[in-house]
Amino acid sequence: MPGIRPRAGTGDAAVTTRAVAVTTAGDVRELDLGSGGGQIDALYRAIGSRDLDMLTVTPQLLMWVDDQGLVNGSAVNPVATALLSQMPRLRSQRIRGTVVFTGATDPDGDVTSLAPEWARVLHTHPRANEST
């Protein structure tokens, strides 16, 4: 992914990147994307595609989506779509497939962990964890 580099580990402790995945059924789960080069592979696995795209929802919130979701017939993701409907510039976007939310990138271009406040918003969204 141009401009985005996985965060490298430092010292003896592995640096991890906390994220939240949201499925098309509204299931919300915490993820640990790990560190280093494994982060992008973890995103591929979580989303179920190697065709990633990144949407900047806010300066502190990135949403990783399957770039081919419409083409491959993925179901609409009601939580992700509802969240974007609150953002004026992204209001008309219908998001398909499982998505992963992370923090923004740091000055070095490294993906950062999702802020706890955003994790709470996703876990408590009215469409999260209910059958659709």
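Our subject in this report is the structure included herewith. (Residues numbered from 1 in each chain as written. Predicted model: local features only at pLDDT ≥ 70, side-chain atom pairs only at ≥ 80, totals over all residues. Heavy atoms only, no water.)

## Re the layout of surface pockets
Basically, it comes down to this: Grid spacing is 1 Å over the protein atoms alone, the probe is 1.4 Å, and a cavity is where that probe fits but cannot get out, while a pocket is an open set with protein on both sides within 12 Å along at least five of seven lines and lining residues have an atom within 4 Å of a point. Grid points are joined across faces, edges and corners, and a volume is the space filled by probe spheres set on the points. Each helix is a run of DSSP H or I of at least 4 residues and each strand a run of E of at least 2, with the numbering of both proceeding from the N terminus. Here the nonpolar group is Ala, Val, Leu, Ile, Met, Phe, Trp, Tyr, Cys and Pro; Asp, Glu, Lys and Arg are the charged ones; every other residue, Gly included, is treated as polar.
Its boundaries defined by the atoms lining it, the largest pocket holds a volume of some 230 Å³. In terms of lining residues, the largest pocket is bounded by Asp-53, Leu-55, Val-65, Asp-66, Asp-67, Gly-69, Leu-70, Leu-90, Gln-93, Arg-94, Ile-95 and Arg-96. Among the secondary structure elements, those contributing two or more residues to the lining of the largest pocket are β3 (52-58) and β4 (61-66). Of the residues assigned to the lining of the largest pocket, the class counts are five nonpolar, two polar and five charged.

## Considering the nonpolar core
Applicable threshold: Buried Ala, Val, Leu, Ile, Met, Phe, Trp, Tyr and Cys residues form a nonpolar core when they are joined through side-chain atoms within 4.5 Å. Partly exposed describes any residue whose relative accessible area lies between the buried limit of under 20% and the exposed limit of over 50%, with all areas from a 1.4 Å probe on protein chains only and scaled to the type maximum.
One finds Met-63, Leu-84, Ile-95, Val-99 and Phe-101 to be the most contacted residues of the largest nonpolar core, which totals 20 residues. Of all hydrophobic cores here, the second largest spans 15 residues; its members include Leu-31, Ile-40, Leu-62 and Val-111.

## What about the sheet that holds strand β2 (residues 28-32)?
Which entries qualify depends on this criterion: A pair of strands is labelled paired if DSSP reports no fewer than 2 bridges between them. A fitted line through C-alpha atoms represents every axis, and for helices the fit uses only the stretch in contact; the resulting angles, taken between N-to-C directions, go from 0 to 180 degrees. Two residues form a contact once any of their heavy atoms are found within 4.5 Å.
Reading across from one edge, β2-β1-β5-β4-β3 is the order of the five strands in this open sheet, with antiparallel pairing throughout. The open sheet has two free edges, formed respectively by β2 and β3, since each of these has just one partner strand. In this sheet, adjacent strand axes meet at a mean angle of 30 degrees when their direction is disregarded. Bridge analysis of β3 against β4 gives six bridges, and the strand direction is antiparallel. Following the sheet pairing, Thr-58 is matched in β4 by Leu-61. Helix-sheet contacts for helix α3 (residues 116-124) involve β1 (18-22), β2, β3, β4 and β5 (99-102), and the interaxial angle to β2 is about 150 degrees.

## As for helix α2 (residues 78-85)
Applied cut-off: Distance and chemistry together define a polar contact, namely a pair of N or O atoms within 3.5 Å, with one atom able to donate a hydrogen and the other to accept it when in protein, and with adjacent residues in sequence counting only for side-chain atoms on both sides.
Of all eight residues in α2, six are buried; the element is thus mostly enclosed. Looking at α2, one finds that the buried residues are Pro-78, Val-79, Ala-80, Thr-81, Leu-83 and Leu-84. The N-cap residue of α2 is Asn-77: its side-chain oxygen and the backbone nitrogen of Val-79 are 3.3 Å apart.

## Some remarks on the pattern of salt bridges
Definition in use: Here a salt bridge means any side-chain nitrogen of Lys or Arg lying within 4 Å of a carboxyl oxygen belonging to Asp or Glu.
Summed over the entire model, instances satisfying the criterion amount to two salt bridges. Between Arg-18 and Asp-32 there is a salt bridge whose closest N-O contact spans 3.2 Å. Of this pair, Arg-18 sits in strand β1 while Asp-32 sits in strand β2, placing them 14 residues apart in sequence. Classification of Arg-18 by relative accessible area gives partly exposed; the value is 42%. Overall, the relative accessible area of 40% leaves Asp-32 in the partly exposed class.

## Overview of the environment of Met-63
Along the chain, Met-63 turns up in strand β4. Note: C-alpha distance between Met-63 and Ala-104 (41 residues apart in sequence) is 9.3 Å. Those residues in contact with Met-63 that sit more than four places away from it in its chain are Asp-53, Met-54, Leu-55, Val-57, Ala-80, Leu-84, Ile-95, Val-99, Val-100 and Phe-101.

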